Amino acid sequence: MRVFAPAKVNLALHVTGRRADDFHLLDSLVVFAGVGDWLSLREGPELALRVTGPRSEGVPWDSRNIVWKAAKQLGASVEIELEKHLPHAAGIGGGSADAAAVLRALGGAVEGSEVLGADVPVCVRGTPARMRGIGEMLEDVPELPQIWIVLVNPGVEVPTGAVFGAMESVENGGMSEPEWADFGSFIAWLGKTRNDMQAPAQRMQPVIGEVLERLSTAPGCAFARMSGSGATCFGLFEAESAARAAAAAMPEEWWSEAAEVLR
């Protein structure tokens, strides 16, 4: 079978505390975009993984890969081809989405998937959600309006651990109750939220600020922010034509894609 692993985007990401075991507590609005990786699976004599695609460079193909770990967790003898289109370590859950696609394809469940990573349960679910705790608490949100998203990565990596370590505070307030009726009210609600990891990530990689400036000033962009721990940033648009024009206008050396937010 061939399965799609959509990019996971944290439209809001509040860091609300840290547990005794050093896991950080989050309150986040997570959505998925119509751009991502593809995985092909077929029965085989033993577990095997091959990584291909335009973004395959630097992606491990052995037991270090979360896709391998997901299949191993289910005890599957399967040959997997991972076709990478999303940037590696980019704050849009590429690895988690890939692992979740394998779990879905092989009949795995959300429960217990957090052992593979905090983002895996929400990626297994695959629909917009409020994600709390260390990723294990998932709640429905109101239906999203039609939204076009432009994802831009300037080609730099921002290690998640380093960003957490650079935060001035990890004890911050959570999001307000998700509530909207249309595109305008959604943008208004989102404007009252934060990404608590954006400022420290931008201090580490100032080019993130340039990305945000280009997105926020693009015609038709209603909102721009960094996703996750970075360095990928997003811009939200109501019109497809404006989103595609904005993506095309980004520097050639940057990765950029326009896609509809999946509902």
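Structure's up top.
Because the structure is predicted, anything quoted here is derived from the model rather than measured.

The rules we used
Every chain is numbered on its own, with residues counted from 1 as its sequence reads. At least 70 in pLDDT is required for a residue's local features to be given in this predicted model, at least 80 for side-chain atom pairs to be given and counted, and no such filter applies to totals for whole chains, interfaces and linings, which use all residues. Each side-chain value is worked out from all heavy atoms of the structure, with water and hydrogens disregarded. For this analysis, a nonpolar core means a set of buried residues of the types Ala, Val, Leu, Ile, Met, Phe, Trp, Tyr and Cys, connected via side-chain atoms within 4.5 Å. Throughout, exposure labels follow a simple rule: accessible area from a 1.4 Å probe, protein chains only, divided by the maximum for the residue type, with under 20% read as buried, over 50% as exposed, and the rest as partly exposed. Put simply, DSSP marks the helices as runs of H or I at least four residues long and the strands as runs of E at least two long, and each gets a number from the N terminus on. The contact rule is simple, with two residues in contact once any of their heavy atoms fall within 4.5 Å. Each Phe, Tyr or Trp ring, with Trp reduced to its six-membered ring, pairs with another whose centre is within 6.5 Å; inter-plane angles below 30 degrees give stacked pairs, above 60 give edge-to-face pairs, and intermediate values give tilted ones.

## Description of the nonpolar core
Within soluble globular proteins, side chains that are nonpolar generally end up buried alongside one another.
Then, in step 1: Ranked by size, the top nonpolar core spans 62 residues in total, and within it L39, I80, V150 and F237 carry the most contacts.
Then, in step 2: Top contributing element to this core by residue count: helix α2 (residues 94-105), with 7 residues.
Then, in step 3: With sequence-adjacent residues up to four places away left out, F237 is seen in contact with I147, W148, V150, F183, A218, P219, G220, C221, A242, A243 and A246.
Then, in step 4: Formed by 29 residues, the second largest nonpolar core is a distinct cluster that contains V9, V31, A33 and L144.

## So, the packing of aromatic side chains
Note on aromatic pairs: each is described by the distance of the centres and the angle between the planes.
Then, in step 1: For the structure on display, the rule yields 4 aromatic pairs.
Then, in step 2: Between F223 and F234, the aromatic rings sit 6.4 Å apart at their centres with planes inclined by 25°, giving stacked as the arrangement. Here F223, found in strand β8 (residues 221-226), pairs with F234, found in strand β9 (residues 233-237); they are 11 residues apart in sequence, far enough to count as distant.
Then, in step 3: Residue class for F223 comes out buried when judged on its relative accessible area of 13%.
Then, in step 4: With relative accessibility at 0%, the residue F234 sits in the buried group.
Then, in step 5: Following the ring pairs from residue to residue traces out a cluster consisting of W180, F186 and W189.

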